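Single-letter residue listing:
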Amino acid sequence: MAQNPEQNPEQNPEQKPPKKASAKKASAKKASAKKTSAKKASAKKASAKKGSTKKTSTRKVVEDAFVTAVREPEQAAAGMPVEQGTGGSSSLLSDDDVHLFNEGTHRRLWERLGSHLVTHDGVEGVHFAVWAPNASDVRVVGDFNGWDRHGPDSRLEPRGVSGIWEGFVPGVASGASYKYHVVSGDGTRALDKADPYAFHSEIAPHTASKVWDMSYEWDDGAWMSSRGERQRLDSPISIYELHLGSWRRVDAEGGETRSMTYREIAEPLIAHIKDLGFSHVEFMPLLEHPFYGSWGYQVTGFFAATSRYGTPQDLKYLIEQLHKADIGVILDWVPSHFPTDEWALGDFDGTHLYEHADPRQGFHPDWKSYIFNLGRPEVQAFLLSSALFWLEEYHLDGLRVDGVASMLYLDYSREEGEWVPNRHGGNENLESIDFLRRFNTEVFDQFPDVQTYAEESTSWPMVSRPTYVGGLGFGFKWDMGWMHDTLQVFQNEPVYRKYHHDQLTFRAVYAYSENYALPLSHDEVVHGKGSMINKMPGDEWQKFANLRALYSYQFMVPGKKLLFMGGEFGQPQEWGHDRSLDWHVLEGDSMHGKLQRCVGDLARLYHALPELHEGDTDPFGFQWIDCTDWESSIVSFLRRARDGSAAMVVANLTPVVRQNYRIGVPHGGHWREAFNSDAQDYGGSGAGNYGGVDAMPHPAHGLSHSVVLTLPPLAVEVFVPEPTKRPSR
């Protein structure tokens, strides 16, 4: 990802504002346009804005007054009248917009750059604007002008020394395909480039951008006004991770199958998530990408939903339907790198514009992709605007930032001599650190009721701590250490687990150092790692028992939950992006169906009991009862709610039934068996405690009372105290 740090054009202090008839007339014209648009947009956004929890910061008020940025993106799409820009050409960009862009603080660039349907002097057409500071000529070519790279009407004009080229092309309508024909500064190279700010693109393998009207009548106001309460640190958050293209494929011509569209998947996906009891769905990247096999992580359209599954309005419909079913939507977002395709961002104006020029900084050795030059203000503004665009335009409830570790370290996946130290001689990427802090600050300033998630696999401190105390500012961090250690324990034959007991218990040492989400993600079922069910040792019965115990343990320990699609029913095959999940295994009274029932009950229990989620990110929420019985591979602990109430969790990770096993509890009374992963309904043996046990005033494990239990094989049990003591049997 090479970009030349020396090519930051400065604002020309001599640049004069565009000529206007008078300041008073111009002001009146602008106010009139705003007023008209506000009336059009008010009914459209009333339901979404009603009850909104967004706060208005002083910074935002000042910026709104300073920037000639129209707050409602629909204005441009609805044929907004445009002003006269510098040089007399039509423009959506004020001088303030240009200044904020060049200093990297513009947060709504999707309203200004790219292609916008407008009306100029009574003529309908499109305003095009693109950043190419080192180009000698930029033209817009498309199906509306026969892709003519030399016609007089295709040329864009430079906006002073801002690096922006812009122009109005009459007669262009929504749906038109186009690219920018960019000639390098020395005139030796001519490149046809997709629009970095396009809202829509041709369906791959075609690569042109498309002019698009983004208007949509949202009907998810109830969700939008209440989602903040559903995404707090002490709320139950369970996430179903999904690759849309391979979740469930349908028949196509010629005996082939195809992916479902955004609209087709809405009904069956909602029914499945509701049946599971999960609170959120997380889509692997739906931003436009050229190579389907990248799963969306090689992004070329940072403002465009992939056209493989439909239009932007189709994706909005899917999100709206999920919201109406009380399901939150998280999207994977990838600011860490981008592909090297010649028609995309790389080498955009004949120079390394978006990427570092030095391959030691600008090329990712693992992913063979470019790395953003976050030292350039315009690149930071581009990415920050992308993040805010998805949250505003698509009503997303969260962004999961991919590859954070690769952004933080200059020597990530590099050998000695293959990286460039920072100005202090260290390996920390100071520009990326600054960007990630800005990203979280801007997101939570504009959308305080959403969440951000970091996929960060190292011991970098304070990833999910506020920026004002030196943190990166994320809401949550994926706990990759928990995933690695726990999977290693469960992949061992039970007879050897006692030698890995510390991997099970070590997490308690750092469990509250961050706000954690516990991921069993797509990364664990690809590249020869096998499916979740086939990671488990033993015969078929033991495999399912082990997997039920693993999921139960995940739902019981502190942290938000994430499970990749197919894991809920024990998908037999390793995941493949070009085929459907093995839904047929759910037919009949199969072990796969019973496993899915177990996962659904776990999610509902997690959501129903405050003891299991209110302390996910606070130390009051967890207390060991006994973590020392390594010989028997048994652990027991308490989960607590804010009011002090407790649920007891016991895990027996061997196939041996343990009789008369004494465990300390904090008080007397009847402890009801609220969950048992060995229940016959889940395909287990049915061993247990007949619905519950009575505590006796016999101290154990430092607690005043104790219970004597039967521990089922390869199972996790959850006990909750009854309000009143039941008679002894």
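Described in the following lines is the structure provided in the data block.

1. Re the packing of helix H13 (residues 480-491) against helix H16 (residues 540-556)
Then, in step 1: With their axes 11 Å apart at the nearest point, H13 and H16 run at an angle of 150° to one another. In terms of orientation, H13 and H16 fall into the roughly antiparallel class. The handedness of the crossing between H13 and H16 is right-handed. Contacts between H13 and H16 involve Trp482, Thr486, Leu487 and Phe490 from the former and Asn546, Ala549, Leu550, Tyr553 and Gln554 from the latter.

2. What about the packing of aromatic side chains?
Then, in step 1: On inspection of all chains with the given rule, the structure shows 42 aromatic pairs.
Then, in step 2: Its end group placed over the ring of Tyr317, Arg263 keeps NZ or CZ at 4.4 Å from the ring centre.
Then, in step 3: Over the ring of Tyr394 we find Lys316, and its NZ or CZ is 5.5 Å from the ring centre.

3. Topic: a nonpolar patch on the surface
Then, in step 1: Together, Met462, Tyr468 and Val469 make up a nonpolar patch on the protein surface, roughly 340 Å² of accessible area in all.
Then, in step 2: Examined against the element boundaries, Met462 turns out to sit in the loop between strand S23 (451-454) and strand S24 (476-478).

4. Some words on the pairing of strand S13 (residues 238-242)
Then, in step 1: In terms of burial, S13 is largely enclosed, as 5 of its 5 residues are buried.
Then, in step 2: Across the two faces of S13 the burial is the same, with Ser238, Tyr240 and Leu242 and Ile239 and Glu241 all buried.
Then, in step 3: For S13 and strand S26 (residues 560-564), the ladder comprises 4 bridges, and the chain directions are parallel. Residue pairing for S26: Ile239 is matched across the bridge by Leu562.
Then, in step 4: In the sheet, S13 pairs with strand S16 (residues 280-283) via 4 bridges, with the strands oriented parallel.

5. Looking at the sheet that holds strand S19 (residues 328-333)
Then, in step 1: What the 8 strands build is a closed barrel, ordered S13-S16-S19-S22-S23-S24-S25-S26; its pairing is parallel. Adjacent strand axes in the sheet meet at a mean angle of 25°, parallel and antiparallel pairs treated alike.
Then, in step 2: Taken together, the 4 bridges between strand S25 (residues 516-520) and S26 define a ladder with parallel strand orientation. Across the sheet, Leu520 pairs through a bridge with Leu563, a residue of S26.
Then, in step 3: On top of the sheet, helix H10 (residues 377-393) reaches S19 and strand S22 (398-401); it is set at about 160° to S19, its chief contact.

6. Observations concerning the nonpolar core
In a soluble, globular protein the nonpolar side chains are often hidden away together inside.
Then, in step 1: If you look at the biggest cluster of nonpolar residues, it comprises 172 residues, and the most contacted ones within it are Phe283, Phe302 and Tyr354.
Then, in step 2: A per-element tally of this core places H10 first, with 10 residues.
Then, in step 3: Core analysis: the next-biggest nonpolar cluster, separate from the first, contains 17 residues, Ile625, Met648, Leu711 and Phe719 among them.

Basis of the calculations
Position numbers for residues start from 1 in each chain and track the written sequence from start to end. Local features in this predicted model are restricted to residues of pLDDT 70 or higher, and side-chain atom pairs are both shown and tallied only at a pLDDT of 80 or more, whereas totals for entire chains, interfaces and linings draw on every residue. Heavy atoms throughout the structure, all of them, feed into the side-chain values; hydrogens and water do not. Axes, fitted as lines to C-alpha atoms, cover a helix only where it is in contact. Angles between the N-to-C directions of the axes lie from 0 to 180 degrees. Strands are runs of DSSP state E lasting at least 2 residues, helices are runs of H or I lasting at least 4, and numbering of each runs from the N terminus. In these notes the angle categories are as follows: under 35 degrees is roughly parallel, over 145 is roughly antiparallel, 65 to 115 is roughly perpendicular, and the rest is oblique. In this scheme, a crossing is called left-handed if the near helix is turned counterclockwise away from the far one by less than a right angle; it is called right-handed if the turn is clockwise. Here a residue-residue contact requires only that any non-hydrogen atoms of the pair lie within 4.5 Å. Only Phe, Tyr and Trp rings are paired, with Trp represented by its six-membered ring, and only when their centres lie within 6.5 Å; those with planes under 30 degrees apart are stacked, over 60 edge-to-face, the remainder tilted. Should the NZ of a Lys or the CZ of an Arg lie within 6 Å of a ring centre and within 35 degrees of the ring normal, that charge is described as sitting over the ring. In this scheme, patches are assembled from residues that exceed 30% relative accessible area and form no salt bridge. Like charges are connected within 9 Å, while nonpolar side chains (Val, Leu, Ile, Met, Phe, Trp, Tyr) are connected within 5 Å. Residue-level accessible areas treat just the shown protein chains as cover; the underlying method is Shrake-Rupley with a 1.4 Å probe. The working definition used for a salt bridge is a side-chain nitrogen of Lys or Arg within 4 Å of a carboxyl oxygen of Asp or Glu. The cut-offs for exposure are 20% and 50% of the maximum accessible area for each residue type, with area from a 1.4 Å probe on protein chains only; residues under the lower value are buried, those over the upper are exposed, and the others partly exposed. DSSP-based pairing: two strands are paired if at least 2 bridges between them are found. Residues belong to a common nonpolar core when they are buried Ala, Val, Leu, Ile, Met, Phe, Trp, Tyr or Cys residues joined through side-chain atoms within 4.5 Å.

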